[in-house]
Amino acid sequence: KNEVEQSPQNLTAQEGEFITINCSYSVGISALHWLQQHPGGGIVSLFMLSSGKKKHGRLIATINIQEKHSSLHITASHPRDSAVYICAVNYGGSQGNLIFGKGTKLSVKP
Amino acid sequence: GAVVSQHPSWVICKSGTSVKIECRSLDFQATTMFWYRQFPKQSLMLMATSNEGSKATYEQGVEKDKFLINHASLTLSTLTVTSAHPEDSSFYICSAFLSGSSYEQYFGPGTRLTVT
């Protein structure tokens, strides 16, 4: 069974803290996505990775293919970063069939 | 970046009626769009893959006669929930696959459906 596990499930941080969210998957993948879902439900694509590391502003995403693990880091966290962060993977050749993790609910306190 | 819109953003309907949800890629062409469903406190689940000009491909357990998908143009896919029941109440999200790219999907803001 192809699974995507995220940790932690819930995370509370103080403004300014460095945050790490982890994602592990069970078999080889074609690509891994990090998504952000705000309380209203809308989803924003943050990163798509197949190897290495990507950075966008205060967000950094890394992936280790051998260990089947990815991390999303947020530097200098801010209350507006409060959201659910979702890891999703493409297995095999199916481009659309994403398997989603259950998400990590992040709350950043001022 | 590429933008995907959905309409309506929320809808309340009575049991037995049908509801149509639109998904549009605003600034790019999408030969493939995907429809997902998210129940409260659960992960998103793929419902179907919508291909322009052909029949949609449904995931196991999704009733194709209940969830009608039409992808008539390169920028528009519609999902019609027919004879809606309260258990169809959910958050429906579409994504559009950027033609020519590898695995790059852009998500719509979602539609919250409540069936009373």
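As shown above, the structure is provided for reference.
Conventions and cut-offs
- Residues numbered from 1 in each chain as written.
- Chains lettered and ligands numbered in written order.
- Predicted model: local features only at pLDDT ≥ 70, side-chain atom pairs only at ≥ 80, totals over all residues.
- Heavy atoms only, no water.
- Pairing = 2+ DSSP bridges.
- Helix = DSSP H or I, 4+ residues; strand = E, 2+ residues; numbered from the N terminus.
- Axes fitted to C-alpha atoms, helices over the stretch in contact; angles between N-to-C directions.
- Core = buried A, V, L, I, M, F, W, Y, C linked by side-chain atoms within 4.5 Å.
- Buried < 20%, exposed > 50% of the residue type's maximum accessible area, 1.4 Å probe, protein only.
- Contact = heavy atoms within 4.5 Å.
- Salt bridge = Lys/Arg side-chain N within 4 Å of Asp/Glu carboxyl O.
- Polar contact = N/O pair within 3.5 Å; in protein donor to acceptor, adjacent residues only side chain to side chain.
- Buried area = accessible area lost by both parts, 1.4 Å probe.
- Nonpolar A, V, L, I, M, F, W, Y, C, P; charged D, E, K, R; others polar.

Note on sheets: strands pair through backbone hydrogen bonds, and any given pair is parallel or antiparallel. Residues and elements named next belong to chain B. The antiparallel open sheet is built from four strands, whose spatial order is S1-S3-S8-S7. The open sheet terminates on both sides in strands that have one partner only, identified here as strand S1 (4–7) and strand S7 (67–73). Averaged over neighbouring strand pairs, the angle between their axes works out to 15° when direction is ignored. Two elements, S1 and strand S3 (residues 19–25), share four bridges in a ladder whose sense is antiparallel. Across the sheet, the residue bridging to Ser5 is Arg24, located in S3.

Here we take up the nonpolar core. Within soluble globular proteins, side chains that are nonpolar tend to cluster in buried spots. Grouped together as the largest cluster of nonpolar side chains are 25 residues, with contacts concentrated most on B:Val4, B:Trp35, B:Phe67, B:Leu79, B:Tyr92 and B:Leu113. If you list the elements that add at least two residues to this core, you get strand S2 (10–13), S3, strand S4 (32–38), strand S5 (45–51), S7, strand S8 (76–81), strand S9 (90–97) and strand S11 (111–115) of chain B. Residues within four places of B:Leu113 in sequence aside, it is in contact with B:Val11, B:Cys13, B:Val19, B:Val81, B:Asp88, B:Ser89, B:Ser90 and B:Tyr92. With 23 residues, the next largest nonpolar core counts A:Trp34, A:Leu49, A:Leu59 and A:Val108 among its residues.

All names here are of chain B. Using the criterion set out here, one finds three salt bridges over all chains in the structure. The partner of Glu22 in a salt bridge is Arg24, and the shortest N-O contact between them spans 3.4 Å. According to the relative accessible area criterion, Glu22 is partly exposed, its value standing at 23%. Judged by its relative accessible area of 33%, Arg24 falls in the partly exposed class. In this structure, Asp88 engages Lys66 in a salt bridge whose closest nitrogen and oxygen atoms are separated by 2.8 Å. Of this pair, Asp88 sits in the loop between S8 and S9 while Lys66 sits in the loop between strand S6 (57–58) and S7, placing them 22 residues apart in sequence.

This paragraph deals with the side chain of B:His71. Residue and element names in this part refer to chain B. Residue placement: His71 occurs in strand S7. With a relative accessible area of 4%, His71 lands in the buried category. Looking at His71, its side chain comes within polar contact range of the side chain of Ser50, at 2.8 Å. Ignoring sequence-local partners within four residues, the contact set of His71 consists of Ala30, Thr31, Thr32, Met33, Ser50, Asn51, Glu52, Gly53, Leu76 and Ser77.

Bringing the interface of chain A and chain B into the picture now. Taken together, the contacts link 22 residues of chain A with 20 residues of chain B. The contact between chain A and chain B buries some 1,500 Å² in all, and 59% of this surface belongs to carbon and sulfur atoms. Taken together, the connections running from chain A to chain B amount to two residue pairs in polar contact (both at pLDDT 80 or more). Mapped by element, the contributors of at least two residues to the side of chain A that touches chain B are strand S4 (31–37), strand S5 (43–49), strand S9 (83–90) and strand S10 (98–100) of chain A. Counting residues per element, the side of chain A that touches chain B draws most heavily on S4(A), at four residues. For the side of chain A that touches chain B, a count of residues per class yields seven nonpolar, 14 polar and one charged.

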